[in-house]
Amino acid sequence: MSRSSKRRKPQQVPKEKAKGPGLTSRLEKLGDWGPMLLFFIATVVLFRNFIFSADMLFGTDTFEAGLMFRSFYAEFVRTYHTIPLWNPYLFGGLPFIDAMHGETFYPLAVLKFLIPVHRALGFKIVITVLLCGVFMYLLLRAVGLSRSVSTFGGMAYLLCSNTVSLTYGGHTGKMYVICLLPLLFLAVEKIFKVKKIVVWYLVFALFVAVLILANHPQLAYFAMWGVGAYYIYRLLANYLGDRNLKRALTHTVLMVLALTLGLAAASVQLVAPYTYLKSHSPRAGEGRGYEFASSWSLHPEEVVDQVVPSFSGYNVWMEQTYWGRNAFKLNSEYGGLIPLVLALIALYVIKDRRKYLFLGISLVALLYALGDNTPFFAIFYHLVPGVKSFRAPSTIMFLLTFSVTVLGAMGLQRLTERLEARTSDKILKGLIIATVGFVVITFLMAVTRGGLISLWNSIFYTNISPERFEIQQNYLPKIIVGSLLTTLFLGLVTLLYNLYRKKVLGRSVFIGAFIVLAVLDLWRIDAKFIRVVPLQDFFQKDGAIEFLQRRATYESFRVLAAPGVYRNQDYLAYFGIPELLGYHGNQLKIYDEFTDRPLFEKATTMEEYQRLSIQFLMGPKIDILSLKYLLAPYDFENTKYKAVRDFGRFKIYENRNFIPRVRLVDRYEVIRESQKALKRVAAASFDHRESVILEKAPPFPSAQEPMLKGKARIVQDNINDLTVEAELDHPGILILADNYYPAWKAYVDGEPTEIIRANYIHRAVFLPAGRHQVLFKFENRHLQTSLYISLLTIVGLVVIISVNVLRTRLRRAERPSV
């Protein structure tokens, strides 16, 4: 008998039906709806405590900023029936779309207008996790895997801890990208499999647009690395197969057009943010340096987490057991032991050359994720565009978990095809060795009472701090339990495969068992990152907020809440009270520089941080920022601040030197060089109340002494536009203590006038004597143009794709039945 005949014969799976209808058999009978139902059930059970409650999913960034961003967005749309272009409540104001406040244009954003925002935030996560399973299933089916094996892959990707754990951090943008990744691979797969490639190129363009609209540029960029590599592989494989240069060139041209259309469809989320990041963000130019770019890397102990997911510990809820090198750990990069084992088997048993591509993607992702732990990151940093603007290299690990899941499904498919005896024996031997190896490791960790961990520290973690070492030693029992669980799962995989190869288990039961193992393995980690909490436990209006809101009805000012007053930095902003600082991460660079934020970030001790804080609060710059109230949990009464309300836990202090948000002056200094202007505005000799520093001279001389008589007040503030009434007896300068940004335009009595940058960060206009109405209006023409381009492109793509789908269905319906 020939070798080829030996291979073909075992592929037959006799008497499969005689064994009875197993889980996967029933799924096959239900068609694609069976797996979808299974994914739905798994998602509902996973998030049951949230779905069947009135509360919200806990997320650190959700409570820190996300809830404020989305609530402001939803309330603004309901009030003004348009999209906010400016956020006045944080950091003296910053552009809403340009600076990016979450998924403004992502399809799931519509939920916040239909149900309460705190519920919408959770349901976006639930739907995203469900779609992870659905989209991976569709990709694996397109690759050619069976329904049952594709169900395994879909379930593993749905429950992938690298995705689900992001719930705890509230990192929905990352979750959207991870969810959409299989769709992009699916479109590429279809492009090279179907006749109507133009339609699938248009579908690919639409998917690219949605990926960008998810509004996480870093992960979207990484996703395109993976998709680009897959497309190039498929293009080259296609060309090497038929040597048709014309077809290869056609594909290349169509891909360029598809990417162009995708970028055009998402231009509303690209143009303004790109301009902002390039020129106005703290990440502009060279970013914040190599140290910043490599921060939040993956470290050796977190690599071990891929096999023993609890190895380096967690910082979740009440479990503060993380002993690794990052400041804290709010997520897990774990992709599942079962897909990983199957992926390693796939590299050995499958002949599909795509395994090398997915292996390559995995290795590149791992090397990048390790950041400055290897010399390779320097290559990325200096040679790959965009890397200097990012941080957290570990976020690229979703490409590894995606690739491992695909390879794992391919490996499971191959195992069900009854391998030849020699190959089967080697796989079983490898599984036994791995299982025994973990038995030995677990035993040694238990009997040496931390001896192996000490060895680990001496090799990989020589600079572990005393605090982290103590956490590590206290956490040792759970590390041992984690290693024991890994041993158990490896043992079960080994047992299942041995039973299957001996034909004790049928194919249906074999695959079903692997689905169950994957669920159990990932569920134990996912559950740690899902917490449901009442909204009122984190955001509740108190007497201080009521006091500030009453004052805000007749006066415009900003407030600063010292650390320890509220549970998050955007607490006051959530209730519509403008904060001097807050939490965003992409605020205007000039505001960071003005408020000495870079100095605060470099503080190495709490004493240094407090010294800088007091110095800033007592300095003159705080006054022209229109800070009127300081909320502090400690005594801060002095010559500058007086206590006006005592709420027990903290007091409200009023700034005696408060300078109104809008004012008139006739004295000025012209300093065109930015750094000199910044230095001058901080000088004690500068008259902050009666003078202003300008980068351009007005058409009248500066007064020797303040002589201007006049008044100015804000008469209407619609956020996207603001109207000021001013009256002055001779030419002067109107100063608005809101951040300068080029998109703001000014109109004096209906006539356009130039906005001059004042005091380094604020806006000013020159006014002649008399009574005037000054309108400040946010008019980003690039944003308006890109919005129209996006709408037209998306509508065009949807219409063309829909017409083609409809035509195809009509033709199928018209075909005579046989």
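Residues numbered from 1 in each chain as written. Predicted model: local features only at pLDDT ≥ 70, side-chain atom pairs only at ≥ 80, totals over all residues. Heavy atoms only, no water.

## Quick notes on the pattern of salt bridges
Evaluation of the coordinates by the stated rule reveals 27 salt bridges. For the salt bridge of D242 with R247, the shortest nitrogen-to-oxygen distance reads 3.1 Å. K628 is the salt-bridge partner of E555, the closest N and O atoms lying 2.5 Å from each other. Highlighted residues: E555 in the loop between α25 (543–552) and β7 (558–561) and K628 in strand β8 (residues 627–632), separated in sequence by 73 residues. Given a relative accessible area of 21%, E555 falls into the partly exposed group. Under the relative-accessibility criterion, K628 is labelled buried at 9%. Salt bridges linked by common partners bring E189, K193, R234, D352 and R354 together as one network. (Salt bridge = Lys/Arg side-chain N within 4 Å of Asp/Glu carboxyl O. Helix = DSSP H or I, 4+ residues; strand = E, 2+ residues; numbered from the N terminus. Buried < 20%, exposed > 50% of the residue type's maximum accessible area, 1.4 Å probe, protein only.)

## Some words on the packing of aromatic side chains
Within the structure shown, the criterion is met by 63 aromatic pairs. Taken together, a centroid distance of 4.6 Å and an interplanar angle of 45 degrees make the contact between F185 and F402 tilted. You can see F185 sitting in helix α10 (residues 172–191) and its partner F402 sitting in helix α20 (residues 397–415), a full 217 residues away along the chain. Note on accessibility: F185 and F402 belong to one class, buried. (Phe/Tyr/Trp six-rings, centres within 6.5 Å; stacked < 30°, edge-to-face > 60°.)

## Describing the sheet that holds strand β10 (residues 651–655)
Spatially, β7-β8-β10-β9 is the arrangement adopted by the four strands of the open sheet, whose pairing is mixed. The sheet is open, and its two borders are formed by β7 and β9 (641–646), each paired with just one other strand. Strand-to-strand twist across the sheet, computed as the mean angle between neighbouring axes with direction ignored, equals 25 degrees. Its contacts with the sheet place α25 against β7, β8, β9 and β10, and it is angled at close to 175 degrees to β8. (Pairing = 2+ DSSP bridges. Axes fitted to C-alpha atoms, helices over the stretch in contact; angles between N-to-C directions. Contact = heavy atoms within 4.5 Å.)

## As for the packing of helix α12 (residues 217–242) against helix α13 (residues 245–265)
Running from N to C, α12 and α13 cross one another at 160 degrees; their axes reach a closest spacing of 9 Å. Our classification of the angle between α12 and α13 gives roughly antiparallel. As for how α12 packs across α13, the hand of that crossing is right-handed. Contact residues: M224, Y231, L235, N238, Y239 and D242 in α12; L245, R247, A248, H251, T252, M255 and L259 in α13. Of the residues assigned to the contact of α12 with α13, the class counts are eight nonpolar, three polar and two charged. (Parallel < 35°, antiparallel > 145°, perpendicular 65-115°, else oblique. Left-handed = near helix turned anticlockwise from the far one by under 90°. Nonpolar A, V, L, I, M, F, W, Y, C, P; charged D, E, K, R; others polar.)

## Comments concerning helix α22 (residues 451–460)
Listed in full, the buried residues belonging to α22 are I453, W456 and N457. For α22, the arc enclosing every buried residue in end-on projection is 95 degrees, short of the 170-degree limit, so these residues lie on one face. Where α22 is buried, its residues meet α16 (300–304), α21 (421–448) and α23 (466–501). (Arc of directions from axis to C-beta.)

## Some words on the side chain of H688
Among the structural elements, H688 can be located in the loop between α31 (674–681) and β13 (691–694). Relative accessible area serves as the criterion here: at 9%, H688 is assigned to the buried category. One polar contact links the side chain of H688 to the main-chain carbonyl oxygen of V681, over a distance of 2.6 Å. Among the polar contacts listed, one links the side chain of H688 to the backbone oxygen of F686, at a separation of 2.9 Å. Setting aside chain neighbours within four positions, we find H688 in contact with P620, I624, I659, R663, V681 and A683. (Polar contact = N/O pair within 3.5 Å; in protein donor to acceptor, adjacent residues only side chain to side chain.)

## Here we look at the state of the cysteines
This model, assessed by the stated rule, comprises zero disulfides. Not engaged in a disulfide, the cysteine C179 finds its nearest cysteine sulfur in C132; these two sulfurs lie 4.4 Å apart. Taking the relative accessible area as the measure of exposure, C179 reaches 1% and is therefore buried. (Disulfide = S-S within 2.5 Å.)

## Here we look at the nonpolar core
In terms of nonpolar packing, the biggest core is built from 256 residues, with F204 and F776 touching the most fellow members. The element contributing the most residues to this core is helix α6 (residues 117–143), with 16 residues. In contact with F204, other than residues within four places in its own chain, are L184, A187, V188, I191, M224, V227, M255, A258 and L259. The next biggest cluster of nonpolar side chains, apart from the first, holds 11 residues, and it includes I733, A758, A764 and F766. (Core = buried A, V, L, I, M, F, W, Y, C linked by side-chain atoms within 4.5 Å.)

## Examining the sheet that holds strand β18 (residues 751–753)
Spatial strand order, β14-β15-β21-β17-β18: five strands in an open sheet with antiparallel pairing. Either end of the sheet is taken by a strand with one partner, and the two such strands are β14 (710–717) and β18. Looking at each pair of strands side by side, their axes are set apart by 30 degrees on average, direction ignored. For strand β17 (residues 744–748) and strand β21 (residues 770–778), the ladder comprises five bridges, and the chain directions are antiparallel. In the strand pairing of β21, V748 is matched with V774.

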